Amino acid sequence: MNPQTIARLMLGGALAAEGALALRRFEARRQAYQAAVRRASEAGRPLIVVGDPDAGAHTRLVRAYGCGDRCIDLRGCPRCEMMQAADLTQGLVAGIADDSAVVYVSCVLEYVTDPEAALRELHRMAGSPDNLFLVLVEPWSLTAALYPGARWAGGAGEHQITMKPITIPRKLATLGGLAGLLALTLWPRPAP
């Protein structure tokens, strides 16, 4: 097998894997939202959705989750009936009392300026880990490294969320690897 064929297979595999991850993330968002809706109903609490359901690359086309009783996003949630523009890293979100809501968060912590401050505010609103439903971008994916505005990548354990910065060297290495594979796939073959 020649290097060009290998590069094509690697590039195709990387793109197929990224597509599969996007579908998996879509399903994780949908399932977590449904669980949050059930929890809010059982607990008699409002459902706060953090992250505009129509702002993502894929969710602009097909929503993975709804607006809840109130949708919060840095720029607001224009297509939601009850929405609020708020920065989770700047202290208390107005109008939401401590330990008063079920909170659903979809791929937001990757883009905030201070994930620890945002997590403190999410925990304040939810009051308990049982009332916090969180979906994160897979930390090792191309999306985590290259999506516009992405600053952090991380994961969630049972009651632990860890976010680490996405460094410029990581972004450059990811871009360089993709560019190298693409260049190799397009490199003209020598004449026989």
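Residues numbered from 1 in each chain as written. Predicted model: local features only at pLDDT ≥ 70, side-chain atom pairs only at ≥ 80, totals over all residues. Heavy atoms only, no water.

*Asks:* So, the layout of surface pockets: which residues are in play, and what are the values?
*Replies:* Put simply, the largest pocket is a space of about 990 Å³. Ala55, Asp73, Cys107, Tyr111 and Tyr147 are, among the 38 residues lining the largest pocket, the residues nearest its centre. Contributing elements (two or more residues each) for the lining of the largest pocket: helix H1 (3–43) and strand S2 (70–73). The element that contributes the greatest number of residues to the lining of the largest pocket is H1, accounting for 6 residues. (1 Å grid on protein atoms, 1.4 Å probe; cavity = no way out; pocket = protein on both sides within 12 Å on 5 of 7 lines; lining within 4 Å. Points joined across faces, edges and corners; volume = space filled by probe spheres on them. Helix = DSSP H or I, 4+ residues; strand = E, 2+ residues; numbered from the N terminus.)

*Asks:* Now, about the pattern of salt bridges: what can you tell me, with residues and values included?
*Replies:* Under the counting rule described, the total for this entry stands at 8 salt bridges. As a salt-bridge pair, Arg79 and Asp54 come within 3.7 Å of each other at their nearest N and O atoms. Pair noted here: Arg79 is in the loop between S2 and strand S3 (83–85) and Asp54 is in the loop between strand S1 (47–50) and S2, with a separation of 25 residues, a long-range link. On the accessibility criterion, Arg79 (63% relative accessible area) is exposed. A salt bridge links Arg124 to Asp98; the shortest N-O distance between them is 2.7 Å. Linking Arg124 in helix H2 (residues 115–126) with Asp98 in the loop between S3 and strand S4 (102–106), this pair joins segments that are 26 residues apart in sequence. Judged by its relative accessible area of 53%, Asp98 falls in the exposed class. When salt bridges with common partners are traced through the structure, they connect Arg24, Arg25 and Glu138 into a single cluster. (Salt bridge = Lys/Arg side-chain N within 4 Å of Asp/Glu carboxyl O. Buried < 20%, exposed > 50% of the residue type's maximum accessible area, 1.4 Å probe, protein only.)

*Asks:* Got a sec to walk through the pairing of strand S6 (residues 152–156)? Specific residues and values, please.
*Replies:* The pairing of S6 with strand S7 (residues 161–165) spans 5 bridges and is antiparallel. Along S7, the bridge assignment pairs Gly155 with Thr162. Linking S6 to S7, which pair antiparallel, is a turn of 4 residues. (Pairing = 2+ DSSP bridges.)

*Asks:* Break down the packing of aromatic side chains for me, citing the residues and quoting the values.
*Replies:* Going through the model one piece at a time under the given rule, you end up with 4 aromatic pairs. Aromatic side chains Tyr33 and Tyr104 sit 5.4 Å apart centroid to centroid with 80° between the ring planes, which places their arrangement in the edge-to-face category. Of this pair, Tyr33 sits in helix H1 while Tyr104 sits in strand S4; the two residues are 71 residues apart in sequence, bridging distant segments of the chain. You'll find Tyr33 and Tyr104 in the same group, each marked buried. In this structure an aromatic cluster arises from ring pairing among Tyr33, Tyr65 and Tyr104. (Phe/Tyr/Trp six-rings, centres within 6.5 Å; stacked < 30°, edge-to-face > 60°.)

*Asks:* With reference to specific residues and values, describe the side chain of Gln84.
*Replies:* Tracing the sequence through the fold places Gln84 in strand S3. With residues up to four places along the chain from it excluded, the contact list for Gln84 reads Arg70, Cys71, Ile72, Asp73, Gly76, Val93 and Ala94. (Contact = heavy atoms within 4.5 Å.)

*Asks:* With reference to specific residues and values, describe H2.
*Replies:* Its 12 residues place the ends of H2 16 Å apart at the C-alpha level, agreeing with the 16 Å of an ideal helix rising 1.5 Å per residue. Counting buried positions along H2 yields 9 of 12 residues, so the element is predominantly enclosed. The opening residue of H2 is Asp114, an N-cap whose side-chain oxygen sits 3.2 Å from the backbone nitrogen of Glu116. Where H2 ends, the next residue or the one after it, Gly127, has phi of about 80°, a positive value. (Expected span 1.5 Å × (residues − 1). Polar contact = N/O pair within 3.5 Å; in protein donor to acceptor, adjacent residues only side chain to side chain.)

*Asks:* Go over the sheet that holds S4 with me, naming the residues and quoting the values.
*Replies:* With parallel pairing, 5 strands are arranged side by side in an open sheet as S3-S2-S1-S4-S5. Looking at which strands have only one partner, the edges of the open sheet turn out to be S3 and strand S5 (132–135). Geometrically, the sheet is characterised by an average inter-axis angle of 15° between neighbouring strands, direction not taken into account. The sheet contact formed by S2 and S3 spans 3 bridges and is parallel. Residue pairing in the sheet places Cys71 in a bridge with Met83 of S3. (Axes fitted to C-alpha atoms, helices over the stretch in contact; angles between N-to-C directions.)

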